[in-house]
Amino acid sequence: MAEKTIEAPVKGRFEFVLSVNDYIICQRNFEIENFQEKSLYSVHLTDAVWDCVKMIDKDLKEKTDIYNSITAPQVFQNEQEMNAWVAKPTFKIDVPSFVVLRDSETVYVWTGEKMREYSKPFNTSDYVGEPSDTPCVLKFAFLDNGEEIRSVQWDGNKYPKFVRTNIDILNRDNKYEAEGVYAPYEAFIVNQFNKDRRDLTPVIKRRLSYACSGETVRYFSRLHYGEKDYDTNLKAYNERLFIGLKKKK
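Scope of this entry: the structure provided in the associated data block.

Basis of the calculations
Residues numbered from 1 in each chain as written. Predicted model: local features only at pLDDT ≥ 70, side-chain atom pairs only at ≥ 80, totals over all residues. Heavy atoms only, no water. Helix = DSSP H or I, 4+ residues; strand = E, 2+ residues; numbered from the N terminus. Buried < 20%, exposed > 50% of the residue type's maximum accessible area, 1.4 Å probe, protein only. Contact = heavy atoms within 4.5 Å. Pairing = 2+ DSSP bridges. Axes fitted to C-alpha atoms, helices over the stretch in contact; angles between N-to-C directions. Parallel < 35°, antiparallel > 145°, perpendicular 65-115°, else oblique. Left-handed = near helix turned anticlockwise from the far one by under 90°. Nonpolar A, V, L, I, M, F, W, Y, C, P; charged D, E, K, R; others polar. Phe/Tyr/Trp six-rings, centres within 6.5 Å; stacked < 30°, edge-to-face > 60°.

## Considering the side chain of N194
Working step 1: Examined against the element boundaries, N194 turns out to sit in helix 5 (residues 184-194).
Working step 2: Residue N194 is classed as buried on the basis of its relative accessible area, which comes to 13%.
Working step 3: What N194 contacts, discounting residues up to four positions off in sequence, is N171, R172 and D173.

Right under this line is the structure:
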């Protein structure tokens, strides 16, 4: 009996890659029907890449809101402000709730009667806006045959640490529910992240494909901003610079 041959999946010409500090989080290959070569260096593609970044940023901001609504503590400027509130509450704090101070690393828990110091680890930087010492660079890139055509980078430290260490634009996985892992609180938060949320990967592929297809589309490679024009065809722009430098020699 002849052995069945398993063919490797065909890799598409195009791909998008989402990474954090050069560590790939999501990578997808795809083809573009009715692809137009001139679209690669067009304003249309530049806009599409930015739309994808905005889409991912919106997803992470919404997860930040969910995370904060579940975990966020009450924040006071200092211990004096906290004690003044305890002596005469001017607003309601749920019981129990974490309480952090902007000028101190001490964390408290409000018991309903007093502030009790909390001795376990607590990431206050997610709530009081302290700058992180660890860089978190998110990058979204569109590639053609492995060559990067367009990319955008942005600072991921604006999202809470739990959010940026659990980035999943498929919105379906929960590593805290894996066999042998016991993290019910973290699993609950990620499930809230994914609840009723769509997979962004096909939406991103459609947006990029739409920008690069269509025979009737008039593609522009110059972007006007303020009083200056910018060439989105960086390859051609660099070639012109190189030719200009050769002529000066």
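## Some words on the sheet that holds strand 4 (residues 97-101)
Working step 1: Across the sheet, 4 strands lie side by side as 3-4-5-6; this open sheet has mixed pairing. The sheet is open, and its two borders are formed by strand 3 (74-76) and strand 6 (115-117), each paired with just one other strand. Taken over all neighbouring pairs, the strand axes of this sheet differ in orientation by 35° on average, direction set aside.
Working step 2: Bridge count for strand 3 against strand 4 is 3 bridges, and the pairing is parallel. Bridging across to strand 4, Q74 finds its partner in V99.
Working step 3: Lying on the sheet, helix 2 (residues 79-87) is in contact with strand 3, strand 4, strand 5 (107-110) and strand 6; it crosses strand 5 at an angle near 5°.

## Considering the packing of helix 1 (residues 43-71) against helix 5
Working step 1: It is the contact of helix 1 with helix 5, at a shortest axis distance of 9 Å, that shows an interaxial angle of 140°. In terms of orientation, helix 1 lies oblique with respect to helix 5. In the packing of helix 1 onto helix 5, the handedness of the crossing is right-handed. Of the residues in helix 5, those touching helix 1 at K63, I66, Y67, I70 and T71 are Y185, F188, I189, Q192 and F193.
Working step 2: For the contact of helix 1 with helix 5, the per-class residue count stands at 7 nonpolar, 2 polar and 1 charged.

## Quick notes on the pairing of strand 5
Working step 1: Side-chain alternation along strand 5 places V107 and V109 on one buried face and Y108 and W110 on a second face that is also buried.
Working step 2: Linkage of strand 4 to strand 5, two consecutive antiparallel strands, is achieved through a turn of 5 residues.
Working step 3: The antiparallel pairing of strand 5 with strand 6 creates a hairpin that spans 4 residues between the two strands, and G112 there sits at a positive phi of about 105°.

## As for unusual backbone geometry
Working step 1: Here the residue pair V95 and P96 is connected by a cis peptide bond, since its omega of -5° sits within 30 degrees of zero.
Working step 2: The phi angle at N34 is positive, at roughly 60°, despite the residue not being glycine.
Working step 3: Structurally, N34 can be placed in the loop between strand 2 (23-30) and helix 1.
Working step 4: Residue N171 is not a glycine yet carries a positive backbone phi of 55°.
Working step 5: Assignment of secondary structure puts N171 in the loop between helix 4 (161-164) and helix 5.
Working step 6: For N171, a relative accessible area of 5% gives the class buried.

## Remarks on the packing of aromatic side chains
Working step 1: A full pass over the atoms with the stated rule returns 16 aromatic pairs.
Working step 2: Considering the side-chain rings of F16 and F30, the 6.5 Å spacing of their centres and the 50° angle between planes classify their relative orientation as tilted. Remark: F30 occurs in strand 2 and F16 occurs in strand 1 (residues 14-20); sequence separation between them is 14 residues.
Working step 3: By relative accessible area, which is 0% here, F16 ends up buried.
Working step 4: Here the aromatic rings of F76 and W85 are separated by 6.2 Å at their centres, their planes lie at 50°, and the arrangement is tilted. Exposure class is identical for F76 and W85. Each is buried.
Working step 5: Through pairs of rings, three or more aromatic residues link up here, namely F14, F16, F30, F35, F140 and F142.

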